[in-house]
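One-letter residues, chain by chain:
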Amino acid sequence: MRSLLVYMKQYKKESVLAPLFKMLEASFELMVPLVMAAIIDHGISTKDTGYIFKMGGILVLLAVVGLTSSVTAQYFSARAAVGFATKLRNALFSHIQDLSYTELDTLGTSTLITRMTSDVNQLQNGVNLTLRLLLRSPFIVFGAMIMAFTVDVKAALIFVVAIPLLAIVVFGIMIVSMPLYKKVQAALDKILGRTRENLAGARVIRAFCKEESEIAGFETENEILLNTQVFVGKISAAMNPVTYIIVNIALVVLLWTGAVRVDNGIITQGAVVALVNYMSQILVELVKMANLIIQITKALACAKRIESVFDVQVSMENGSVKQIMTHNDQEGIVFDKVCLTYNGGGDESLTDINFTVKMGQTIGIIGGTGSGKTSVVNLIPRFYDATKGSVQIGRRDIKEYDIDTLRQMIGVVPQKAVLFKGTIRENLLWGNENATEEELEYALEVSQAKEFVDTKEGRLDFMVAQGGKNLSGGQKQRLTIARAIVRSPRILILDDSASALDFATDAKLRQAIKDMNKDMIVIIVSQRSSSIQHADQIIVMEDGRVAGIGTHNQLLEQNEIYQEIYYSQFPKKKEAAK
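Residues numbered from 1 in each chain as written. Predicted model: local features only at pLDDT ≥ 70, side-chain atom pairs only at ≥ 80, totals over all residues. Heavy atoms only, no water.

Draft legend 1. Main features of the overall build of the protein chain. Helix and strand counts for the protein chain come out as 21 helices and 12 strands. The C-alpha atoms of the protein chain give 35 Å as radius of gyration, which overshoots the globular expectation for 578 residues (25 Å, by more than 25%). Seen through its principal axes, the protein chain has C-alpha atoms that stretch 120 × 45 × 45 Å. Going through the 578 residues of the protein chain one by one, you find that 48% of them count as buried. Within the protein chain, contacts between residues at least 6 apart in sequence are counted, and of these 76% link residues at least 24 apart. For the protein chain, the computed accessible surface area is about 29100 Å², with 57% contributed by carbon and sulfur atoms. One way to put it: in the protein chain the 60 positive side-chain charges average out to a point 5 Å from where the 58 negative ones average out. (Helix = DSSP H or I, 4+ residues; strand = E, 2+ residues; numbered from the N terminus. Rg over C-alpha atoms; globule rule 2.2 N^0.38 Å. Buried < 20%, exposed > 50% of the residue type's maximum accessible area, 1.4 Å probe, protein only. Contact = heavy atoms within 4.5 Å. Areas by Shrake-Rupley, 256 points an atom, 1.4 Å probe, with all protein chains shown as cover. Lys, Arg positive; Asp, Glu negative; His and termini not counted. Charge placed at Lys NZ, Arg CZ, Asp CG, Glu CD.)

Draft legend 2. Up close: the side chain of asparagine 378. Relative to the helices and strands, asparagine 378 resides in helix H11 (residues 373-379). If near-sequence neighbours (up to four positions away) are discounted, asparagine 378 is found in contact with Phe383 and Tyr384.

Draft legend 3. Region of interest: the packing of aromatic side chains. For the structure shown, the criterion picks out 8 aromatic pairs. A ring pair is formed by phenylalanine 335 and phenylalanine 355, whose centres lie 4.5 Å apart and whose planes are at 15°; its orientation type is stacked. Residue phenylalanine 335 is found in strand S1 (residues 331-340), and its partner phenylalanine 355 is found in strand S2 (residues 350-358); the two are separated by 20 residues along the sequence. Each member of the pair, phenylalanine 335 together with phenylalanine 355, is buried. Ring centres of tyrosine 566 and tyrosine 567 lie 5.6 Å apart, and the angle between their planes is 65°; this geometry places the pair in the edge-to-face category. For the pair tyrosine 566 and tyrosine 567, one class covers both residues: buried. Every member of this aromatic cluster is reached through a ring pair, and the members are Phe21, Tyr75 and Phe76. Geometry around phenylalanine 462 places lysine 456 over its ring, the cationic atom sitting 5.1 Å from the centre. (Phe/Tyr/Trp six-rings, centres within 6.5 Å; stacked < 30°, edge-to-face > 60°. Lys NZ or Arg CZ within 6 Å of the ring centre and 35° of its normal.)

The following block contains the structure:
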C-alpha cells in the first residue's frame, strides 16, 4: 500500500483537511452530553425555561457547526479519493501498456481488467472512508472515555475495561478476514475470465450447443465465489453483534453503577445521562469503525493485488537509436541464429533461425500449424525478444533501437483483425494520425477496401462498432491492412491477414502491394501457397526450425514439406507433375 500512496501527493491538502474537519465535528459532538447534563441538572430540576432554551440553542449551534464540518470533510475526502483512484488507474494502465507480450501473457487479461476496475474502486472507497473515519472514530472513543472521567472516575472505569475488549474483537476479525478477501478477488478474476471468454465466443458456443455446459461451469465458479463471500461475510458480520454485546453489557453495568451513585448523592442524574450518552457514542463509533476495518481490509487486499502488477518489471530494455532504416540499407532484416523460448513454455519455440531479407524484397513464410511462423514475425517489432541470437534491421541489432522508433518503421497486420469503435477514418489514422485524405484513399485502394467502403453511408465517416462487429471478416482484414499501409512503413508484415479474402481479391491485393513495394520489405505469413508463390523468397517452417528457403520453383523441386503443402492445396498440379 505504501508504494501506492505516491499518487496521493497532489492531494496532501485534502488529505489533511478532511480528517481535521472530521475531528472538529467530533469535538462538538463530545460536548453534547455535557450540555444535556446541564439542561437536566440546572434547567429541568429548577424549571428554568430560559436556561433550557439557551442551552437548547447551544445544541442547535453545535449541530449546525458539526454538520458543516462533516459536509466539508466529505467534500475533501471524496476529492482526494477520486483523484487518487484516477491517477492510480492512469498509472496502472500506462504500466500495462509498457509491458511486453511476455508479461501480458503471464498476468492474463481478466486479471488485469479486475485490477483496473474492481480493485481500484475498492481502494478508492477505502481511502474515502479512511480519511473520514480513521481518526474520527478513535478520537470519539477515547474522547468519550476521557470525558467520562471528568464526569465520574469510578463509573468511567467501565469504559477502560470495555474499550480494550472491543479493540481485540475488531482487530482480531480484521487479521482473519484480510487473506479471505484476497481469495474473493481471485475468484472474481475467474468469473470475469469465463464471462469474457463466453461473450467473445458466443457464436462458437451456440454452434456446438455448449450453452448448458458453459452455464454449469459458470455456476460452479460463481458458487465458489458465493461461498467464499458468504464465509468472509459471516466473519465480518460477527463484528457488529459481538461489539453490541460488549457495549450493552458495559451499558447495563454503567446504569447500575450510576443508579447506586445517584442514590448515594455522589453524582447527579444529568451525569448518568451524560455517561450513557458517551457510551452510546462509543457504540455508534465502534460500529462505524467495524465497517471501516472491513473496508480497509478489502482495500489492503486489493492494494496488494495492484502492487503485484506494478512489481512486474518490463523485461525489454529500450534502446537509444532513433534513426530509422534508410532506403540505402540493402541488408534490411537479418536473423542470426535466433532462438525463442516463451516464458514458462519449456522447450524452444524457435531454434537457429537464419535468413536475410534485402530492401524491396517480398518474403513468404509458410508452414503447418504451430510451426513458428507468427513467432518469427513477432520478433521483428519486438513483441517478444529472442532468447538467443540476434535480429538486425539496417545493420543494427533491433535491441539498440528506441522501441517507438523501431515500430514506426513497421506496419503489422496481425492474424486477428482488430478494429476499434469509431469511424473508418479514425481507425485508419491509427497508422498515421497526420495522414492526408489522399493517403487514406490510396491505402484503401491498395488494400482492396475501397470497393466496400464506397458502399457504406458516409464512406470514411461510417461508424465501426466495437471490434468491427458490423463488418465481415474480409472487410475487417482489408481495413487492418489499409491501416498498416497508411503508416508508409519500411517493413510491412502481413500475418495470415488475408485468410478471409476470396482468391480473386487476395490476388488483387498481392499485385497492388507488389506494385508499391519498391522501398519496402514485405513479409507475408500465410497458409495458402498461392499467396506467397510469387515472393522473392519463401521460408518453410517446421517445428520451430527453417526447413527450407528458396523460390517457389526451387522449393517445389527440392523441399518435401513445401511439396506436401502445395499439392494438398492444388491436387491437380500433383497429377500433372506425375
